[in-house]
Amino acid sequence: MQKMCCASTIFQTKPKDHCQRQESPQLQSCGGEMTAMYKDDQGDWMTVCLKYLLFVFNVLFWVGGAAVMGVGIWTLIDKSDYLSLLASSTFAVSAYILILAGALVMVTGFLGCCAVIREQRSCLSTYFCCLLLIFLIELVAGVLAYVYYQRLSEELKQHLNETMTENYAQPGKEAITLAVDRLQQDFKCCGSNNSLDWLQSVYMTSAVSEGRVVPDSCCKTITTLCGRRDHPSNIYKTEGGCITKLEQFLADHLLIIGAVGIGVACLQLAGAMLTACFIYLLYKEEEEDFSAV
């Protein structure tokens, strides 16, 4: 009886051990497949998230491009006559660069949306290069605006008085004459530093002035020959003259140009990083598909 029991025990335990040996590789295989599926799902989830993030970014990017171009156009149109009073063209160049960059941003934003939807690495790589190029352009515009902002006061002090006194109402200088008249009326000022600056001007010392001591645009109420009387009740007597007013106006514009240019440039840098990550994920997916085949 004891022998039979031992035999049955041996008979029962052997198949059980055999089954365990057979099930172990299957369980390992099943676990490996589960891990691979989890990794695939995780990779797909990251790709989808990046895709939607890039799409939203491109919409914001397009809006930012329109804002950049709008700031550039506003800078050139709003009191654009004053540009003829400046000795250097840095202010205008900064605005033109912003307009160019804004137009490129809008076109690139549209192309970026198409590239993200199609998920083509070649299109995304081109989009990535365009982002870096526009980033550099806007950074240059922002830096130019900042550099010119530092030199603005010195340039106005050196050149504005000379420009006004030597070119006002002279043949071939009609643009400067209109700019000076508008400057004095818009900012309610008279002369570069004060109204006495006009006494040494070419226009006032000539017979054409008809006895004026200041241009008629200095008058609070403009009438013919009103510039003959320079009493404070008749003309603007602004502390600091037109230099202070124009400097403040240009400084405000330059700060806006610099802030918008550098701000959108940083946004583009973030977009370039997202694009690089998306390209890398697509590359990994293509590599895995190729190895699976």
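Quick caveat: nothing in here was measured; it's all calculated off a predicted structure. (Residues numbered from 1 in each chain as written. Predicted model: local features only at pLDDT ≥ 70, side-chain atom pairs only at ≥ 80, totals over all residues. Heavy atoms only, no water.)

> Please set out the environment of V140 residue by residue, giving values where relevant.
Here V140 is to be found in helix α3 (residues 121-167). The partly exposed category is assigned to V140, whose relative accessible area is 44%. In sequence terms V140 and I97 are 43 residues apart; their C-alpha atoms lie 8.4 Å from each other. (Helix = DSSP H or I, 4+ residues; strand = E, 2+ residues; numbered from the N terminus. Buried < 20%, exposed > 50% of the residue type's maximum accessible area, 1.4 Å probe, protein only.)

> Summarise the packing of aromatic side chains; cite the residues concerned and give the values.
All chains considered together, the criterion is met by three aromatic pairs. Between Y168 and W198, the ring centres sit 5.2 Å apart and the planes meet at 65°, which makes this aromatic pair edge-to-face. Of this pair, Y168 sits in the loop between α3 and α4 (174-186) while W198 sits in the loop between α4 and α5 (241-292), and the two are 30 residues apart along the sequence. The same class applies to Y168 as to W198, namely buried. When the ring of Y168 is compared with that of Y203, the centres are 5.4 Å apart and the planes differ by 70°; the resulting orientation is edge-to-face. (Phe/Tyr/Trp six-rings, centres within 6.5 Å; stacked < 30°, edge-to-face > 60°.)

> Explain the pattern of salt bridges residue by residue, including any values.
Once the charged atoms of two side chains with opposite charge are near each other, the side chains can pair. In total, this model carries two salt bridges according to the counting rule given. Put simply, D186 and R182 hold a salt bridge, and the shortest N to O gap is 3.1 Å. Linking D186 with R182, this pair stays in helix α4, spanning four residues, or about one helical turn. For the salt bridge of R212 with D216, the shortest nitrogen-to-oxygen distance reads 2.9 Å. The residues R212 and D216 share a single accessibility class, namely buried. (Salt bridge = Lys/Arg side-chain N within 4 Å of Asp/Glu carboxyl O.)

> With reference to specific residues and values, describe the packing of α3 against α4.
For any two helices packed against each other, one specifies the crossing angle of their axes together with the interaxial distance. Relative orientation of the contacting elements α3 and α4 amounts to 115°, with a least axis distance of 10 Å. With respect to the hand of their crossing, α3 and α4 are arranged in left-handed fashion. From α3, T163, M164 and N167 reach across to α4, where they touch I176, T177, V180 and Q184. (Axes fitted to C-alpha atoms, helices over the stretch in contact; angles between N-to-C directions. Left-handed = near helix turned anticlockwise from the far one by under 90°. Contact = heavy atoms within 4.5 Å.)

> Give me the side chain of D197: which residues, what numbers.
With respect to the helices and strands, the residue D197 is situated in the loop between α4 and α5. For D197, which is buried and forms no salt bridge, the nearest opposite charge comes from K237, at a distance of 11 Å. Separated by 3.3 Å, the side chain of D197 and the backbone nitrogen of S192 make a polar contact. Excluding anything up to four places from it in sequence, D197 contacts N161, T165, G191 and S192. (Lys, Arg positive; Asp, Glu negative; His and termini not counted. Polar contact = N/O pair within 3.5 Å; in protein donor to acceptor, adjacent residues only side chain to side chain.)

> Can you lay out the packing of helix α2 (residues 90-118) against α3 for me, pointing to particular residues and giving the numbers?
Interaxial distance between α2 and α3 falls to 9 Å at its minimum, and their mutual angle equals 160°. By the angle between their directions, the pair α2 and α3 is classed as roughly antiparallel. Like other packed secondary-structure pairs, α2 and α3 cross with a definite hand, here left-handed. Broken down by class, the residue content of the contact of α2 with α3 amounts to 20 nonpolar, four polar and one charged. (Parallel < 35°, antiparallel > 145°, perpendicular 65-115°, else oblique. Nonpolar A, V, L, I, M, F, W, Y, C, P; charged D, E, K, R; others polar.)

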